[in-house]
Every structure is written in C-alpha cells, then in structure tokens.
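Descriptive structure summary
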Amino acid sequence: MVASQLKGQITVVTGANSGVGLSVAGLLARAGADVTMVCRSPERGEQALAEVQREGAVAGADVRLELADLSRQADVRSLAGRLAARLPAIDILVNNAGVWLHRRETSPEGFELMFATNHLGPFLLTHRLLDALAAGRGRIVNVSSHAHRYGDLRRAELETIVRSDAWRGSFKAYGDTKLANILFTFESARRWADRGITADTLHPGTLATGIVRRNRSALGLLMRMTMSFLPRPGVGGEAVMRLVEDPAPNVVSGRYFKGRKEERADAQAYDADLARELWDRSLAWTGEA
Ligand SMILES: NC(=O)c1ccc[n+]([C@@H]2O[C@H](COP(=O)([O-])OP(=O)(O)OC[C@H]3O[C@@H](n4cnc5c(N)ncnc54)[C@H](OP(=O)(O)O)[C@@H]3O)[C@@H](O)[C@H]2O)c1
C-alpha cells in the first residue's frame, strides 16, 4: 500500500496527543485517512487535534478526538462502544499509548499500572473492536519497545507479576509490559488470521518524547540528560507508518521490527505456551472470558 492509498482509510491511534502517536496521527491525516485520536486528557487532546488539523489534514479527512484513560477498563469499554457504533469498519488500529512509571502504582482494578495501561487496555480495546477490524482492512500495529528484552514473564505466576508482587524495578516492569505487547501481537496474528486481521509490532526507536521526560528513575534521569541527542518522535512515527503502509500485510503477519528493520525479538516472545496463557489470563482480567 502506498501512502496515497491511505486516503479514506478508517484509522484509530491511541496516545495521539504526544510523541510517536501525535506524529502518526499527523502523517495519517496528511495522507487523507480518517483519524480517531484517542487521548486521556481533554486539554492535551483538543490541543493535539487542533495541531493535526492545522498542519494539513487533507480536505475531507475526518479527524476526531475520543477520550479514554486506557488504564481504566470501564473507560476502555465505553470508548470501544462509541467507536464500534460510529465506525462499523476499521482499517488500521495503532495501539501506541504507553507509560514508563518510576514507581509501583496500581490501576482501579488492582493491576500494576504500566501493565494495565500498556497491555490490558489495548488488549481489551482490540478485542472489543474485533468485528469492526474484521469488517475493514484489519491492520493492527502495536508499539512495543526494545525494553521487552528486559522483561521476564516466566519468573513467577502471571497473576503475581500483574499484581506487581514480583516487582524488580521500574524499567524491568516496563519491559514486562512491552514483552506482553509482542506476545499479544504474535498470538493475535495466529488467532485472527482467518478473519483477515494482521498484526505486527515494533520498537519505534529511542526517542526524545514525554515517556522519557516524565520518568524520575535514575535511568530516566540519565536518558533525560541525553534528550537533545535523541531522534525526534517523527522518526518513530515514520517507522509505524512503514508498517501501516506495508505492501504485503495480508501475506506476512506476526513480526517484530526495530525501527524499519525486521528483527528477531527476545526468545520469550516466541514462547507459544506463554502467549496462550497470557491471552487466556488477560481475557479473565478484563472480564472478557
Ligand atoms: N520514546 C521512546 O524512546 C520509546 C522507545 C520505545 C518504545 N516507546 C513506546 O512508544 C509509545 C509512545 O510513547 P512516546 O515515546 O511517544 O511517549 P509519550 O510522548 O509520553 O506518549 C505516550 C502517549 O500515551 C498516552 N497515555 C499514557 N497513559 C495513558 C492512559 N492511561 N490512557 C490513555 N493514554 C495514555 C499519553 O497521554 P498523556 O499525554 O495524557 O500522558 C501520550 O499520548 C509507547 O508505547 C512507548 O512504550 C517509546
């Protein structure tokens, strides 16, 4: 698919008010796609919507804002209901929103907050949009991270890990969630291929964005000191677009990319038993079982 073929495609981008997500929303709108920007803050969301519209959404492209905090399952269900009612077919879903927190916090449902935001929210949203995705082009791009290599979802019971009782520090907990993104992607590709849905995942680059700026850990501080040398968020946005526009999305699915280059993910990402277990447990944790 070349960029011009994105014209009129129905797309949803989470975490669209900042960093990689804002870049992707802008690139999609400039290619003429209809874009729903999912953001959690009304102020930041309105500001980002105005920016995307101002910077050249193609005439006729429908660019809108939807509000939801993805760490709150009630919010995700309500968002999915609104989207499914308005968009009977979805061509592209970019699960991009993510957090890297410097301390242990829990979501309203009692899950470690990064796990709730980075994995359970997108897992639930994607499941609830399944019929719309199957009715459209059904292209899913999940934004993971190189940090998945520091994750380990085999070190304890998954229940213990998601309740943050096996906490090993903020970066490794973030790594757990980014490993979950890849396991979810590969399992989605296996399970939903017969519905015409494809899913790929990527590390968008180590970039100067809010996720680094806000983290107060020693590593976050170190990364902040190098911010001016890090690539701009647009580099990650372009890498996501490369997957969104992939010329052969219906032929190959279930891949991990580092930027624009396909790469082998960490060995645990290919553990099909773990992927199945995470899937089944995630259905139960989100009340979808
Ligand atoms: N930057 C990097 O070096 C890097 C490297 C590897 C992977 N990534 C991945 O790239 C993705 C995008 O991050 P970024 O670097 O662009 O950082 P960012 O600028 O902080 O953007 C993150 C986006 O996610 C949103 N978000 C966070 N928590 C949310 C919640 N509970 N509900 C809804 N939206 C929420 C943020 O909204 P608010 O503005 O309201 O917080 C923001 O729009 C993430 O998945 C991250 O893991 C980034």
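This text gives an overview of the structure that appears in the document. It should be emphasised that the depicted structure is a prediction, and the values quoted were computed from it without experimental measurement.

Most of strand β2 (residues 34–39) is tucked away, with 6 of its 6 residues classed as buried. Alternating positions in β2 separate into two faces, Asp34, Thr36 and Val38 on one and Val35, Met37 and Cys39 on the other, with burial throughout. Alignment of β2 against strand β3 (residues 63–67), held across 5 bridges, turns out to be parallel. Among the inter-strand pairings, cysteine 39 is bridged to a residue of β3, identified as leucine 67. Read as a crossover between parallel neighbours, the route from β2 over helix α2 (residues 42–54) to β3 is right-handed.

So, on to the site of the ligand. Not every one of the 30 residues close to the ligand is listed here, only the nearest: Asn17, Ser18, Tyr174, Thr209 and Arg214. Between the ligand and the protein, one listed contact pairs an oxygen atom with a backbone N or O atom of glycine 205 at 3.5 Å. At 3.0 Å, a backbone N or O of isoleucine 211 approaches an oxygen atom of the ligand. For the ligand, whose accessible area on its own is 890 Å², the fraction buried by protein is 97%. Residue assignment for the shell around the ligand shows that the elements contributing at least two residues are α1 (19–30), α7 (170–192) and α8 (210–214). For the shell around the ligand, the element with the highest residue contribution is α8, accounting for 3 residues. When the residues that make up the shell around the ligand are grouped by side-chain class, the tally is 10 nonpolar, 15 polar and 5 charged.

Now for the packing of aromatic side chains. Under the counting rule described, the total for this entry stands at 12 aromatic pairs. For the pair tryptophan 100 and phenylalanine 171, a centre-to-centre distance of 5.6 Å together with 70° between the ring planes defines the contact as edge-to-face. With tryptophan 100 in the loop between β4 (92–95) and α4 (113–128) and phenylalanine 171 in helix α7, this pair connects stretches of sequence that are 71 residues apart. On the basis of relative accessible area, tryptophan 100 is assigned to the buried category, the value being 6%. With a centroid separation of 5.7 Å and 40° between ring planes, the pair formed by phenylalanine 184 and tryptophan 279 is classed as tilted.

Okay, a nonpolar patch on the surface next. Taken together, Leu219, Leu221, Leu222 and Met225 make up a surface patch of nonpolar side chains, about 400 Å² in accessible area. Turning to its location among the elements, leucine 222 is positioned in helix α9 (residues 218–225). Taking relative accessible area as the criterion, leucine 222 reaches 51% and is therefore assigned exposed.

In this section: the nonpolar core. Within soluble globular proteins, side chains that are nonpolar tend to cluster in buried spots. Membership of the largest hydrophobic core comes to 32 residues, with the highest contact counts inside it found for Leu28, Val35, Met37 and Val240. Sort the elements by how many residues they give to this core and α1 lands first, with 7 residues. Core analysis: the next-biggest nonpolar cluster, separate from the first, contains 27 residues, Ala68, Ala97, Leu124 and Phe184 among them.

So, about helix α11 (residues 272–285). For α11, with 14 residues, the first-to-last C-alpha span of 20 Å sits near the 20 Å given by 1.5 Å per residue. Burial in α11 covers these residues: Leu274, Ala275, Leu278, Trp279, Ser282, Leu283 and Trp285. Buried residues along α11 sit in contact with α3 (73–86), α4, α6 (158–162) and α7. Its side-chain oxygen at 3.2 Å from the backbone nitrogen of aspartate 273, aspartate 271 defines the N-terminal cap of α11. Backbone geometry just after α11 places glycine 287 at a positive phi near 70°.

As a further point, take the pattern of salt bridges. Considering all chains together, one arrives at 19 salt bridges under this definition. Note that glutamate 66 and arginine 86 form a salt bridge whose closest N and O atoms lie 3.3 Å from each other. Residue glutamate 66 is located in strand β3, and its partner arginine 86 is located in helix α3; the two are separated by 20 residues in the primary sequence. Accessibility expressed as a relative area gives 11% for glutamate 66, which makes it buried. With a shortest N-O distance of 3.0 Å, arginine 281 and glutamate 159 are connected by a salt bridge. With arginine 281 in helix α11 and glutamate 159 in helix α6, the pair connects residues that are 122 residues apart, well separated along the chain. Among the charged side chains, a salt-bridge network with shared partners connects Glu66, Arg82 and Arg86.

About the thresholds
Residues numbered from 1 in each chain as written. Predicted model: local features only at pLDDT ≥ 70, side-chain atom pairs only at ≥ 80, totals over all residues. Heavy atoms only, no water. Buried < 20%, exposed > 50% of the residue type's maximum accessible area, 1.4 Å probe, protein only. Helix = DSSP H or I, 4+ residues; strand = E, 2+ residues; numbered from the N terminus. Pairing = 2+ DSSP bridges. Right-handed = clockwise from strand over helix to strand, strands pointing away. Near = heavy atom within 4 Å. Polar contact = N/O pair within 3.5 Å; in protein donor to acceptor, adjacent residues only side chain to side chain. Areas by Shrake-Rupley, 256 points an atom, 1.4 Å probe, with all protein chains shown as cover. Nonpolar A, V, L, I, M, F, W, Y, C, P; charged D, E, K, R; others polar. Phe/Tyr/Trp six-rings, centres within 6.5 Å; stacked < 30°, edge-to-face > 60°. Patch = residues over 30% accessible without salt bridge, like charges linked within 9 Å, V, L, I, M, F, W, Y side chains within 5 Å. Salt bridge = Lys/Arg side-chain N within 4 Å of Asp/Glu carboxyl O. Core = buried A, V, L, I, M, F, W, Y, C linked by side-chain atoms within 4.5 Å. Expected span 1.5 Å × (residues − 1). Contact = heavy atoms within 4.5 Å.

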